[in-house]
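The primary structure of each chain is shown beneath.
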Amino acid sequence: MKLSPDEKLDPLEVLRDLEHYRPRRKGWTWRRRLTHQELGPFVLEDTSEPLARSVPLPSAHSFGDIDPQSDCVVTTEIASGRFEDDLRRMRMAAWHGADHLMVIRTTGQSHFDGLIEGTPEGVGGVPITRKQIRATRKALDAIEDEVGRPINFHSYVSGLAGPEMAVLFCEEGVNGCHQDPQYNLLYRNINLHRSFVDAAEAKRLVADGGLLQIDGAHNANATAKHAWKVTPELLVQHAINTAFSRAAGIPADRIALSTVPPTAPPAPKLRLDLPYAVVLREVFDGYRFRAQQNTRYMESDTREATVTHALDSLISRLTSVDIQSTIAPDEGRNIPWHYNNVAGVETARQTFMGLDGISEMIALREDGPLRGEARAILERAVLFLEEILELGGYEAAVESGMFVDSGHFPERSGDGIQRDPQGGVAAGSVVARRSDYGAPVCSHFGMNACARGGEKACDAYGGCTLCNPSKIRYVDELDPDDNVERRLERPLAERGEGLLRPEVEKHGDGVVCVTLFVPERPELAKAAALELARRMGLIEPEVIHARVLHPAEGSVFEVRGVLNEVLQVGELVIPEREARLPHTEIEAWVRPRNLHVVAGTVGEDEHSVGLREILDIKHGGIERYGFRTHYLGTSVALEDLLDAASAHDACGVLVSTIVTHHGVHRESMKRLAALAEARGVRERLLLVAGGTQVTDALARECGLDAGFGRGTTGQDVASFLVRRMQDREET
Amino acid sequence: MPVTPRPDDFDERRARLRGLSDEELRARFWSRVEEIVAPLVEEARTHTTPSIERSVLLRMGFSSLEAVDLVAGMAERGLLGHGAGRLVLELSARRGLSVREAGLALLEGRHWEELVR
């Protein structure tokens, strides 16, 4: 399967012949670190290889569209409930720099005692099944070819079916997973013994399958009442899972600690979060760090979340990071939308590029409070461990509710999560192995009568599926209605008919979000915002974010609603942009003719950068083709421009107009045309305007020959001038 | 016994750690962790679960649906402690069947009485 950048991903092609699809690679892939990388005008230090295809950060426009990639892996977590829609989002995220795509599981899968098959629709996540994984891996294989970088695919080996899930992941080329028995126990109330016994088998599979494992300690941050007080326990939780994982055979460099800076402003974030980040990396030297961004204190404000997440990434850079996980800035208000996954990824890469090389200039101070506070966290953690042992071990500690207590250990509030070690979901399902116990397969943990001697345990019957994948039993669909093929019927039919709707999550969901400022007191303003959204035609409008600017002067709202409009693609009129002439053709025509052009920014307007880029040879402006340019500066009078045009016998006048107050840009353009007409030079001169709010249609409406907006180059303007002059010569 | 609330008496409790260098403190941290985890690892080494047994059957070439039924049948008969995979493998050897044929025969209700002799 091959993707073309100008064509949408074809879900039918993804699903075709899945029964025979095999992953081409197994195990985790890190980025290859590059220092002293020259890109555009810069030399960068903390980077990796650039992508073959990507969408650069917006400001890259000023730096030759460079798109440096950070040295660490960047994660985004995607789950709309329909994996077929998520594939498109994954492709967009990959173009923005994500190379670790994590799929959240559907609600309830943790308690499903076995594997799910087929492709049923999920809630708050996707049912992880063989078909879903295989289709996603196949799509990601094509996406990684498109962007030119390996993509790690990731989901969860937790819940009641951990070992089965781990087999599935190894067989199907999933590259990373969450695995932490403490998660099952504390947050899913799955029996303690079941969780740990299952985990050892799952971890053995993860070890041999080359997967990267991420633990579940970050959940304590997200659950604790005061997230910054739980840091000693976080060290304990990380360590229990880490030691257990080592015992099951996972090497240190594939054990990643899931760590979140616990606080958010107005808490003194870096002062609280840095000592914890530092001590964690010292205690777990040699392991990997998956730096997650804060969710605990997220509200509905995407701007606020973005700043917090940038600070989280700053902490990553000041300490260390192997995987930077990103949180979509809208996670505080809904299941993330397409463009907010991308926004989260962009926050991380923008921050990392801004911090490139920072460690060569600054270091954390050893002589301030940092060292003492880091030590105190570790001492508290040691005291925590010793109390577990004093109580009689892990079981007793869980039974007493030691974990996720809101007190700053050794302080105790008595509100921790208490679990009965003999109770919980699937209690009593653990069975002692008899002396003849055997499991004739690879990657099995513990006592095994089938694994004695030098032979592989599966040799007796020609190999297990890990050695001989042709033995894997593929189940397609179990439910004739709830499956991907049925769900795709409408979207594909609509696409075939050329129908188009806006969306944020699922095909054609019609959801849009409008921003309104309403100059009234909060309650009244909110009612007004909803009513205005209704009048815009939005169905079931809902305020998803409100912020008071002043209790009497007004509030700003983001209102979500469904826009029930369907467009016919064929009926849309796209303003035609004339193809540029080749550089050589322009130059060959211009050079021999000694053509003069007069230019300036008009009105009371001091903007000069855009116009200089159109003119100057060093920015690839029209001078390069041999145009003789006369730049009169900013805030130039229209009369002066026309005077200069006459003096130089110019063929054209280029005006820049950026300021738009009271439509002043429109007025300037109209007056220029009128003035040229009055002086009798209109026919002789090509009048061209440019500016961020200028369009070709607007300029023509104002009586000029052409208008150019954002993204215009000297080549665009030169192409226009030459074509017009060629037309005149012909007539 | 449930945890009872108590104030932050860190300054008293930390006294016993004060003499340790940072390196010694980290070593103490890890040795305590190993002590806590050891019995959990030992339990995992010597016990199994329905999910582990189903995961073994998956690896032997059975579908998830087949694995569920086979393991449920073995659990009902108190046989899981022998290992689901081992039981199927031994049946196949005894009967001259492939592993898969042996499993499918069990799913059809045959040969259960022979599983553990």
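Residue indices begin from 1 for each chain and proceed along its sequence in written order. Labels are handed out in written order, letters beginning with A for the chains and numbers beginning with 1 for the ligands. At least 70 in pLDDT is required for a residue's local features to be given in this predicted model, at least 80 for side-chain atom pairs to be given and counted, and no such filter applies to totals for whole chains, interfaces and linings, which use all residues. To get the side-chain values, take all heavy atoms of the structure and skip hydrogens and water.

Participant: Report on the overall build of chain A, specifying residues and quantitative values.
Facilitator: Per the secondary structure count, chain A includes 21 helices and 24 strands. Along the longest, intermediate and shortest principal axes, the C-alpha atoms of chain A span 105 × 60 × 55 Å. A buried classification covers 57% of the 731 residues belonging to chain A. In these tables, accessible area is a Shrake-Rupley quantity obtained with a 1.4 Å probe, and a residue counts as shielded only by the protein chains included in the view. Roughly 29,800 Å² of accessible area belongs to chain A as shown, and the carbon and sulfur atoms make up 51% of that amount. When the 83 basic and 109 acidic side-chain charges of chain A are each reduced to a single mean position, those positions are 2 Å apart. Secondary structure follows DSSP: runs of H or I at least 4 residues long count as helices, runs of E at least 2 residues long count as strands, and numbering of each begins at the N terminus. Under the scheme applied here, a residue whose accessible area is under 20% of the maximum for its type counts as buried, over 50% as exposed, and between as partly exposed, the area being computed with a 1.4 Å probe on protein chains only. Under this rule, positive means Lys or Arg and negative means Asp or Glu; His and the chain ends count for nothing. Here the site of a charge means atom NZ of a Lys, CZ of an Arg, CG of an Asp or CD of a Glu.

Participant: A description of the packing of aromatic side chains should follow, citing residues and the corresponding values.
Facilitator: Any pair of Phe, Tyr and Trp rings, taking the six-membered ring for Trp, is counted once the centres come within 6.5 Å. Such a pair is stacked with planes under 30 degrees apart, edge-to-face with planes over 60 apart, and tilted for the rest. This model, assessed by the stated rule, comprises 15 aromatic pairs over all chains. Centroid distance Phe196 of chain A to Tyr394 of chain A: 5.3 Å. Interplanar angle 70°. Geometry classified as edge-to-face. Of this pair, Phe196 of chain A sits in helix α6 (residues 192-208) while Tyr394 of chain A sits in helix α13 (residues 394-400), and the two are 198 residues apart along the sequence. A residue is classified by how much of its surface remains accessible, and Phe196 of chain A, at 1% relative accessible area, is buried. Judged by centre distance (5.4 Å) and plane angle (90°), the ring pair of Phe29 of chain B and Trp30 of chain B falls under edge-to-face.

Participant: Kindly report on the side chain of Ser158 of chain A, identifying the contributing residues and their values.
Facilitator: Secondary-structure assignment places Ser158 of chain A in the loop between β8 (152-156) and α4 (162-172). Residue contacts are counted whenever heavy atoms from the two residues lie within 4.5 Å of one another. Once residues within four sequence positions are removed from consideration, Ser158 of chain A is found in contact with Arg105, His178, Tyr183 and Asn184 of chain A.

Participant: Go over the state of the cysteines with me, naming the residues and quoting the values.
Facilitator: Residue and element names in this part refer to chain A. Note on terminology: pairs of cysteine sulfur atoms within 2.5 Å are recorded as disulfides. Under the definition given, this model contains zero disulfides over all chains. There is no disulfide at Cys170, and the cysteine sulfur nearest it, in Cys177, is 8.2 Å away. When its relative accessible area of 7% is taken as the criterion, Cys170 is described as buried.

Participant: Please set out the nonpolar core residue by residue, giving values where relevant.
Facilitator: To form a nonpolar core, buried Ala, Val, Leu, Ile, Met, Phe, Trp, Tyr and Cys residues must be joined to one another through side-chain atoms within 4.5 Å. If you look at the biggest cluster of nonpolar residues, it comprises 110 residues, and the most contacted ones within it are Phe169, Leu235, Phe244, Phe284, Tyr394 and Phe403 of chain A together with Phe29 of chain B. Ranked by the residues each element gives to this core, the list is headed by helix α12 (residues 369-391) of chain A, at ten residues. Once you skip the residues sitting within four places of it in the chain, Phe29 of chain B turns out to touch Leu235, Val236, Ala239, Val283, Phe284, Leu378, Ala381, Val382 and Leu385 of chain A. Residues Leu70, Leu87, Leu89 and Trp112 of chain B belong to the second largest nonpolar core, which totals 29 residues.

Participant: Break down the confidence of the model for chain B for me, with residues and values.
Facilitator: Any residue range with low pLDDT should be treated as having predicted coordinates unsuitable for detailed reading. One number per residue, pLDDT, summarises how confident the predictor is, and it ranges from 0 to 100. Of the residues in chain B, 99% reach a pLDDT of 70 or more, and the chain-wide mean stands at 96. Taken over the whole predicted complex, pTM reads 0.89, whereas the ipTM for its chain interfaces reads 0.98.

Participant: Before we move on, could you go through a nonpolar patch on the surface and cite the residues and values that matter?
Facilitator: Exposure above 30% relative accessible area and the absence of a salt bridge qualify a residue for a patch, where like charges join within 9 Å and nonpolar side chains (Val, Leu, Ile, Met, Phe, Trp, Tyr) within 5 Å. We define a salt bridge as a side-chain nitrogen of Lys or Arg found within 4 Å of a carboxyl oxygen belonging to Asp or Glu. On the surface, a nonpolar cluster with roughly 320 Å² of combined accessible area is contributed by Leu500, Leu567, Val569 and Leu572 of chain A. By the element assignment, Leu572 of chain A lies in the loop between β19 (567-568) and α16 (583-590).

Participant: So what's going on with the sheet that holds strand β20 (residues 596-601) of chain A? Residues and values would help.
Facilitator: Hydrogen bonding along the main chain pairs the strands of a sheet, whether they run parallel or antiparallel. Residues and elements named next belong to chain A. Any two strands with at least two DSSP-identified bridges between them are counted as paired. In space, the five strands of this open sheet follow the order β21-β20-β22-β23-β24, with parallel pairing throughout. If you trace the sheet from one side to the other, it starts and ends with β21 (628-631) and β24 (706-708), each paired once. Across the sheet, the axes of successive neighbouring strands diverge by a mean angle of 20°, strand direction being ignored. In this sheet, β24 lies alongside strand β23 (residues 686-690) in parallel orientation, the contact comprising three bridges. Bridging from a neighbouring strand, Ala689 pairs with Gly707 of β24. Set on the sheet, helix α18 (residues 638-648) makes contact with β20, β21 and β22 (652-656); between it and β20 the angle comes to about 165°. For helices, the fitted line uses only the C-alpha atoms of the stretch in contact; every axis is such a line through C-alpha atoms, and the angle between N-to-C directions lies from 0 to 180 degrees. Along the sheet, helix α21 (residues 714-730) makes contact with β20, β22, β23 and β24, crossing β23 at roughly 160°.

Participant: Could you give an account of the pairing of strand β7 (residues 100-103) of chain A, naming the residues involved and the relevant values?
Facilitator: All names here are of chain A. The side-chain alternation of β7 yields two buried faces, one formed by His100 and Met102 and the other by Leu101 and Val103. Where strand β6 (residues 73-78) and β7 come together, four bridges link them in parallel fashion. Note that in β7 the partner of Thr76 across the bridge is Leu101. The pairing of β7 with β8 spans three bridges and is parallel. Note on β8: the bridge partner recorded for His100 is Asn152. For a crossover, the right-handed case is the one in which the path from the first strand over the helix to the second runs clockwise, viewed with the strands pointing away from the viewer. The β-α-β motif built from β7, the intervening helix α3 (residues 130-147) and the parallel element β8 has right-handed crossover chirality.

Participant: An account of the interface of chain A and chain B is requested, with residue identities and associated values reported.
Facilitator: Across the boundary between the two partners, chain A contributes 88 residues, which contact 63 residues of chain B. Taken together, the two surfaces of chain A and chain B that pack against each other cover about 6,500 Å², and 65% of this comes from carbon and sulfur. The interface formed by chain A and chain B holds twelve salt bridges in total. A salt bridge links Glu379 of chain A to Arg14 of chain B, with the nearest nitrogen and oxygen atoms 2.6 Å apart. By the criterion applied in these results, polar contacts are pairs of N or O atoms within 3.5 Å in which, for protein atoms, one can donate a hydrogen and the other can accept it, and in which residues neighboring in sequence qualify only through two side-chain atoms. There are 38 residue pairs in polar contact (both at pLDDT 80 or more) connecting chain A and chain B. Only α4, α6, α8 (231-248), α9 (269-283), α12, α13 and β14 (431-432) of chain A provide two or more residues apiece to the side of chain A that touches chain B. With 15 residues, α12 of chain A is the largest single contributor of residues to the side of chain A that touches chain B. Taken together, the residues of the side of chain A that touches chain B break down into 49 nonpolar, 16 polar and 23 charged. Pairing analysis gives two bridges linking β14 of chain A to strand β1 (residues 47-48) of chain B, with the strands arranged antiparallel. Residue pairing for β1 of chain B: Ala432 of chain A is matched across the bridge by His47 of chain B. Accessible surface is computed with a 1.4 Å probe, and the buried area is the amount of it that two parts give up when combined, taken over both parts together. Residue polarity is assigned by list, with Asp, Glu, Lys and Arg as charged and Ala, Val, Leu, Ile, Met, Phe, Trp, Tyr, Cys and Pro as nonpolar; anything else, Gly included, falls into the polar class.

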